[in-house]
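# Breakdown of the fold
If you want the building blocks of each chain, they are given just below.
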Amino acid sequence: MPETTARSTAAAASLWRLAPALGAVYLIWGSTYLAIRFAIETIPPFLMAGARFLVAGVLLYVWARASGAARPTLAQWRATAAIGGFLLLGGNGGVVWAEQHVPSGIAALLITTEPLWIVLLDWLRPNGRRPGWRVAAGLLLGFAGTVLLVRPGLGGGVYPLGAIVLVLASLSWAWGSLRSTWAPLPSSRILTTGMQMLAGGALLLLVGLATGEPARFALAEVSTRSLLAVLYLVVFGSLIAFSAYVWLLREAPPALVATYAYVNPVVAVLLGWGLAGEPLTAGTLAAAAVIIAGVVVITTAPRHPAARPLPAREVASASPEERAAA
């Protein structure tokens, strides 16, 4: 059995090599929901998100160009601007607004429903792919879990408008993700992400200006916790975790990379409960289990060989950072 033993040893060594990057994606992206909550305590949500993504976008764009990425064309700028609008203005903008009213853990769970929208939108598009029975079962589980989560008395009385905005944010991410599969984007993932963050960040700032956020913003009243949270979102959420994710896409099996989709909400719920005192009821745990089960069923379902497969990064549920390539 020497050959079998050698293969097992190699697999174990490979897993240990992947572990730091997986840990970063699991923990950091799961923690961004709580960081957003801390950031918007004293900073208006759209201004905070816009500034965050503009800073991260500049850093990623400069990094990509310095690493040899070609100058993007006008068509690529238009495509990334449109996708950045869906991902960051519609997606992340919905999250930062809703977290004014909804606990960060609940927000993460509702955003986890994004693979459900991916499947439905991919089915409804022209020449779309009809989901098989296993994917359909995952859809039913996911939506049933969502209903359980927002139903009064089970999920802790989730603010209805906040829940609706989060579901629409998830839908916006899903559409932006699907659109990125046919849009004329640069070959460099890092350059694409930087461009989408620049466009999305600018749109978020415009919305902040249009809704009068500058009048409600006082620099002297910004807390240290909010400032540290924004710094954490830029450095750890948008740069470190994203870099780890891009590396995993090249080095790890897609099924393994996709597991972050159902680890992130667990991390978010536990951090919200442990560090911010967010309620953790039996109803919330039950709804979370149903939603995550639905995501697991969808992301592990076999794909029909005749259908056009979606890349793993579009199938898996994602955080705001990944959906900027995410």
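Summary of the structure given here. Predicted model only: the values in this text are computed from it and were never measured.

### Thoughts on the overall build of the protein
The helix and strand inventory of the protein stands at 13 helices and 0 strands. In the protein, the succession of α and β elements from N to C terminus is α-α-α-α-α-α-α-α-α-α-α-α-α. Scored against the burial criterion, the 326 residues of the protein give a buried share of 52%. About 14,200 Å² of surface is accessible on the protein, with carbon and sulfur atoms providing 71% of the total.

### Description of empty space enclosed by the protein
By volume, the second largest cavity is sized at about 50 Å³. Lining the second largest cavity are Pro103, Gly105, Ile106, Val269, Gly272, Trp273, Glu278, Pro279, Leu280 and Thr284. Contributions of two or more residues to the lining of the second largest cavity are made by helix 4 (104-111) and helix 11 (260-276). In terms of residue count, the dominant contributor to the lining of the second largest cavity is helix 11 (3 residues). Split by residue class, the lining of the second largest cavity holds 6 nonpolar, 3 polar and 1 charged.

### Some details on the packing of helix 3 (residues 74-98) against helix 8 (residues 189-210)
As a packed pair, helix 3 and helix 8 sit with axes 7 Å apart at the nearest point and diverge in direction by 55°. In terms of orientation, helix 3 lies oblique with respect to helix 8. In this structure, helix 3 meets helix 8 at a crossing whose hand is right-handed. Facing helix 3, whose interface residues are Gln76, Trp77, Thr80, Ala81, Ile83, Gly84, Gly85, Leu87, Leu88, Leu89 and Gly93, helix 8 presents Thr192, Met195, Gln196, Met197, Leu198, Ala199, Gly200, Leu203, Leu204 and Val207. Grouping the constituent residues of the contact of helix 3 with helix 8 by class yields 13 nonpolar, 8 polar and no charged.

### Focus on the nonpolar core
Within the largest apolar cluster, 59 residues are counted, with the highest numbers of intra-cluster contacts made by Tyr33, Ile36, Met48, Val95, Ile111, Leu149 and Leu166. It is helix 2 (residues 45-66) that provides the largest number of residues to this core, a total of 8 residues. Aside from chain neighbours lying at most four places away, what touches Leu166 is Gly94, Val95, Ala98, Val102, Ala107, Leu110 and Ile111. Ranked by size, the runner-up nonpolar core spans 15 residues in total, among them Val25, Tyr26, Ala244 and Leu248.

### Considering the pattern of salt bridges
Summed over the entire model, instances satisfying the criterion amount to 3 salt bridges. Across the salt bridge formed by Glu41 and Arg225, the nearest N and O atoms sit 2.6 Å from each other. Of this pair, Glu41 sits in the loop between helix 1 (2-39) and helix 2 while Arg225 sits in helix 9 (residues 224-251); the two residues are 184 residues apart in sequence, bridging distant segments of the chain. Given the relative accessible area of 38%, Glu41 is considered partly exposed. Between Glu213 and Arg216 there is a salt bridge whose closest N-O contact spans 4.0 Å.

### Observations concerning the packing of aromatic side chains
Overall, the coordinates contain 5 aromatic pairs when judged by the stated rule. Residues Trp175 and Trp182 carry aromatic rings whose centres are separated by 5.7 Å and whose planes lie at 65° to one another, so their mutual orientation is edge-to-face. In textbook terms, an aromatic cluster arises when at least three aromatic residues are bridged by ring pairs, as seen for Phe86, Trp175 and Trp182. The ring of Phe38 has Arg225 sitting right over it, with the charged end atom 4.0 Å from the ring centre.

### Details of the side chain of Thr193
Among the structural elements, Thr193 can be located in helix 8. A residue is classified by how much of its surface remains accessible, and Thr193, at 0% relative accessible area, is buried. A distance of 2.9 Å separates a polar side-chain atom of Thr193 from the backbone oxygen of Arg189.

### Quick word on helix 8
Its 22 residues place the ends of helix 8 31 Å apart at the C-alpha level, agreeing with the 32 Å of an ideal helix rising 1.5 Å per residue. Looking one or two residues past helix 8, Gly212 carries a phi angle of roughly 75°, positive in sign.

### Digging into a nonpolar patch on the surface
Taken together, the side chains of Tyr159, Leu161, Ile164 and Leu168 make up a nonpolar region of the molecular surface, amounting to roughly 370 Å² of accessible area. Of note, Tyr159 is situated in the loop between helix 6 (133-150) and helix 7 (160-179).

### Thoughts on the packing of helix 4 against helix 6
For the pair helix 4 and helix 6, interaxial distance at closest approach is 10 Å and the crossing angle is 155°. Here helix 6 runs roughly antiparallel to helix 4, going by the angle between their axes. Like other packed secondary-structure pairs, helix 4 and helix 6 cross with a definite hand, here left-handed. Residues Ile106, Leu109 and Leu110 of helix 4 pack against Thr146, Leu149 and Val150 of helix 6.

### Section: the environment of Leu275
Examined against the element boundaries, Leu275 turns out to sit in helix 11. Distance in space between the C-alpha atoms of Leu275 and Leu34 is 8.6 Å, their sequence separation being 241 residues. Filtering out sequence-adjacent residues up to four positions away, Leu275 remains in contact with Leu34 and Phe38.

What counts, and where the lines are drawn
Residues numbered from 1 in each chain as written. Predicted model: local features only at pLDDT ≥ 70, side-chain atom pairs only at ≥ 80, totals over all residues. Heavy atoms only, no water. Helix = DSSP H or I, 4+ residues; strand = E, 2+ residues; numbered from the N terminus. Buried < 20%, exposed > 50% of the residue type's maximum accessible area, 1.4 Å probe, protein only. Areas by Shrake-Rupley, 256 points an atom, 1.4 Å probe, with all protein chains shown as cover. 1 Å grid on protein atoms, 1.4 Å probe; cavity = no way out; pocket = protein on both sides within 12 Å on 5 of 7 lines; lining within 4 Å. Points joined across faces, edges and corners; volume = space filled by probe spheres on them. Nonpolar A, V, L, I, M, F, W, Y, C, P; charged D, E, K, R; others polar. Axes fitted to C-alpha atoms, helices over the stretch in contact; angles between N-to-C directions. Parallel < 35°, antiparallel > 145°, perpendicular 65-115°, else oblique. Left-handed = near helix turned anticlockwise from the far one by under 90°. Contact = heavy atoms within 4.5 Å. Core = buried A, V, L, I, M, F, W, Y, C linked by side-chain atoms within 4.5 Å. Salt bridge = Lys/Arg side-chain N within 4 Å of Asp/Glu carboxyl O. Phe/Tyr/Trp six-rings, centres within 6.5 Å; stacked < 30°, edge-to-face > 60°. Lys NZ or Arg CZ within 6 Å of the ring centre and 35° of its normal. Polar contact = N/O pair within 3.5 Å; in protein donor to acceptor, adjacent residues only side chain to side chain. Expected span 1.5 Å × (residues − 1). Patch = residues over 30% accessible without salt bridge, like charges linked within 9 Å, V, L, I, M, F, W, Y side chains within 5 Å.

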